[in-house]
Amino acid sequence: MPAKKKYVIALDQGTTSSRAIIFNSKAQKVASDQQEFTQYFPKPGWVEHDAQELFLCQLTVMQQVIRESRIPEDQLAAIGITNQRETVILWDKNTGKPVYHAIVWQCRRTAEMVEKLKADGYSDMIKEKTGLIPDAYFSATKIKWILDNVPGTAEKAKNGELLAGTVDTWLVWKLTGGKVHVTDYTNASRTMLFNIHTLEWDKDLLKLFDIPECILPEVKDSSCIYGTTDKSVCGFEIPIASCIGDQQAALFGQGCFKKGSVKTTYGTGCFMLMNTGSKPITSKNNLLTTIAIGLNGKIQYALEGSVFMGGATIKWLRDQLGLIHTARECDTLAESVPDSNGVVLVPAFTGLGTPYWDPYARGILIGLTRGVTKAHIARATIEGICYQVKDLLVCMKEDTGISIKEVKVDGGASVSNVMLQFQSDILSKPIFRPKNVETTALGAAFCAGLATGVWKNQDEILDHWKVDRIFTPEMKSAERKKLYERWKRAVERAKGWEKLED
């Protein structure tokens, strides 16, 4: 019998960078590499990536971790992919070249298209079939925009000469040398084209958006072998054994396998997911009903709240305003003052997500007085992230009636102690940070490892989850109420701003 393979490579393709992490069978990180790629902002509210650069960036870091780790190829069991979700790419089936830049999930260019859908009465149908609130966030209107605006693409699509997909689909297609066109249930459920009840591309929605089904990928479980990397592309042959959207990957990586368990990821945006089990729950508070995972032929569902600007707000302080040089400096400044001195930052730079779903909202910094320093602005930035997460928790509790006892957290920004303490204070809930905050990559690795025998089952995976620190609430109830009411007032002033210019 051959020796059991002990290592899994997770490809974590995010909004601003691509990472590759090798985990051993004890779920420990043994090697990693990361590389940022170019962000394109061709017009206000538009966000794009160069799909070729994105792939080459991901390929480079994968090859680098394999070289650095010196792990023999025959010990690498599988590759798992997790990705920024709603970002979409269309490419020529024959040449393999993208017909346009990837349109990123943050991009608001199709806001008017969405407003027309709502005005024409399609909101209920879309929500009933997909679990989603009609918004420019999702992939359908991005695909339609490319077909409508890039000459020749609509005709090529109808002739079956184009392929479309979210980033996972693009990576699998490229890594397999163009042999496999596939996605998983979690990514499909974010396109606004996939029926989460019948588990098929929905004919009514495809007709509504005039998108030929032939350009869309086959949809499979999140944990199964899709194909093998092409040696001429990658330099090695390893099974690709999972695709899973980044937020669902984090839910799985956190061990949130039971109904009612909750996690929040602090990445470019912030995303709270609650596992709702084998039946979807329809939200009355503008949460999304989505697929949590497809595993062993069974579907689990989740409720999700989406915040568009999380850690990206701290990057804005660094890169656009120049108030800080590193993310850690934001923490240091925030810790140097007891509060924000009345300042509130609503980071609606690309509109507001759950529960507002306002593409016309814009960022607002309010409450400024002569006594405000950059330390207060840094603290208001951190608090603005936390208030948005509280919005999500309030909705989740109302929709499910489940008393949420604790929240597990992960993502790059979750290393901030000052942020997680304020998060615990404003939620009045304990916050559990794991020792391994790379739970998005770990979730993809677990899915790939389950498909290839590295781990036997979910119980074995749970044995590897370890807590690093628990943050408990210290704020008085009256103060919590006062701060949250001030946040809600600030949000009202940010909403609909872009429309005011008409």
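Right above here is the structure, for reference.
Below: a short report on this structure.

Cut-offs used in this document
The numbering scheme is per chain: residues are counted from 1 as the chain's sequence reads. Only residues with pLDDT of at least 70 are given local features in this predicted model, and only at 80 or more are side-chain atom pairs given and counted; all residues enter the totals for whole chains, interfaces and linings. Values shown for side chains rest on all heavy atoms present in the structure; no hydrogens or waters enter the calculation. Only DSSP runs of H or I reaching four residues or more are called helices, and only runs of E reaching two or more are called strands; each is numbered from the N terminus. Only C-alpha atoms enter the radius of gyration, while the globule expectation follows 2.2 Å times N to the 0.38, with N the number of residues. Exposure categories follow from relative accessible area, calculated using a 1.4 Å probe and restricted to protein chains: below 20% of the type maximum is buried, above 50% is exposed, and the middle band is partly exposed. We call two residues contacting when some pair of their heavy atoms lies within 4.5 Å. Computed by Shrake-Rupley with a 1.4 Å probe, the accessible areas treat only the displayed protein chains as cover when residues are assessed. When charges are counted, Lys and Arg are positive and Asp and Glu negative, with His and the chain ends excluded. Where a charge lies is defined by one atom per residue type, namely NZ (Lys), CZ (Arg), CG (Asp) and CD (Glu). The length a helix should cover is 1.5 Å for every residue beyond the first. Here, the arc refers to the directions that run from the helix axis to the C-beta atoms. Paired strands, in this sense, are two strands between which DSSP finds at least two bridges. Think of each axis as a best-fit line through the C-alpha atoms, taken over the contacting stretch in the case of a helix, with angles from 0 to 180 degrees between the N-to-C directions. In this text, buried Ala, Val, Leu, Ile, Met, Phe, Trp, Tyr and Cys residues form a nonpolar core when linked through side-chain atoms within 4.5 Å. Note that the term roughly parallel is reserved for angles under 35 degrees, roughly antiparallel for angles over 145, roughly perpendicular for angles of 65 to 115, and oblique for everything else. Crossing handedness is read from the near helix: turned anticlockwise from the far helix by less than a right angle, it gives a left-handed crossing, and turned clockwise, a right-handed one. Amino acids outside the nonpolar list (Ala, Val, Leu, Ile, Met, Phe, Trp, Tyr, Cys, Pro) and the charged list (Asp, Glu, Lys, Arg) are all regarded as polar, and Gly is one of them.

## Some thoughts on the overall build of the protein
Right, on to step 1. A count of helices and strands for the protein gives 17 helices and 23 strands.
Right, on to step 2. Here the protein has a C-alpha radius of gyration of 22 Å; the compact-globule value for 502 residues is 23 Å, and the two agree.
Right, on to step 3. Within the protein, the fraction of its 502 residues that count as buried is 61%.
Right, on to step 4. For the protein, the share of sequence-separated contacts (at least 6 apart) that also reach a separation of at least 24 residues comes to 73%.
Right, on to step 5. With an accessible surface of roughly 19,700 Å², the protein has 49% of that area assigned to carbon and sulfur atoms.
Right, on to step 6. Side-chain charges of the protein comprise 62 positive and 58 negative groups, with the mean position of each set lying 4 Å from the other.

## Comments concerning helix 17 (residues 477-494)
Right, on to step 1. Counted at 1.5 Å a residue, the expected span for helix 17 with its 18 residues is 26 Å, and the 26 Å between its end C-alpha atoms agrees.
Right, on to step 2. Three or more residues of helix 17 are buried, namely Arg-480, Leu-483, Tyr-484, Arg-486, Trp-487, Ala-490, Val-491 and Ala-494. An end-on view of helix 17 places all buried positions within 155° of arc, on one side of the element. In this structure, helix 17 carries Ser-477, Ala-478 and Lys-481 as exposed residues pointing more than 90 degrees from its buried face.
Right, on to step 3. Along its buried surface, helix 17 packs onto strand 19 (344-346), strand 20 (364-366), helix 13 (374-400) and helix 14 (417-427).

## Some thoughts on the sheet that holds strand 21 (residues 407-410)
Right, on to step 1. If you trace the seven strands from one edge of the open sheet to the other, you get 17-18-16-15-21-22-23, paired in mixed fashion. Looking along the sheet, the strands with just one partner apiece sit at the ends: strand 17 (288-295) and strand 23 (467-471). Averaged over all pairs of adjacent strands, the angle between strand axes in this sheet comes to 30°, irrespective of strand direction.
Right, on to step 2. As defined by bridge partners, strand 15 (residues 262-266) adjoins strand 21 across three bridges and the pair is classed as parallel. When the sheet's bridge partners are listed, Thr-265 is paired in strand 21 with Asp-410.

## Structural notes on the nonpolar core
Right, on to step 1. Residues Tyr-266, Val-346, Val-407, Met-419 and Trp-487 are the most contacted members of the largest nonpolar core, which totals 57 residues.
Right, on to step 2. Ranked by the residues each element gives to this core, the list is headed by helix 13, at 13 residues.
Right, on to step 3. Among all residues touching Tyr-266, those that are not within four sequence positions of it are Ile-385, Val-389, Val-409, Asp-410, Gly-411, Gly-412, Ala-413, Ser-414, Met-419, Leu-420 and Gln-423.
Right, on to step 4. If you look at the next biggest cluster of nonpolar residues, it comprises 49 residues, including Val-47, Leu-90, Leu-132 and Phe-194.

## Regarding unusual backbone geometry
Right, on to step 1. Cis rather than trans, the peptide bond between Thr-354 and Pro-355 has omega equal to -5°.
Right, on to step 2. One can find Pro-355 in the loop between strand 19 and strand 20.

## Comments concerning the packing of helix 2 (residues 111-119) against helix 4 (residues 139-149)
Right, on to step 1. Viewed as axis vectors pointing N to C, helix 2 and helix 4 meet at an angle of 115°, and their least axial separation amounts to 10 Å. Considering their axes alone, helix 2 and helix 4 lie roughly perpendicular with respect to each other. Like other packed secondary-structure pairs, helix 2 and helix 4 cross with a definite hand, here right-handed. Touching Met-113, Val-114 and Leu-117 of helix 2 are Thr-141, Lys-144 and Trp-145, all from helix 4.
Right, on to step 2. Residue composition of the contact of helix 2 with helix 4, grouped by class: four nonpolar, one polar and one charged.

## Let's talk about the pairing of strand 18 (residues 298-307)
Right, on to step 1. Most of strand 18 is tucked away: eight of the ten residues are buried.
Right, on to step 2. In this structure, strand 16 (residues 270-277) lies alongside strand 18, joined through seven bridges in antiparallel fashion. Residue Gly-277 lies in a different strand from strand 18, and its bridge partner there is Tyr-301.
Right, on to step 3. One ladder, built from seven bridges, connects strand 17 with strand 18; its direction is antiparallel. Of the residues in strand 18, the one forming a bridge with Gly-294 is Ile-299.
Right, on to step 4. Between strand 17 and strand 18, which pair antiparallel and follow one another directly, the connecting turn spans two residues, one of which, Asn-296, has a positive phi of 55°.

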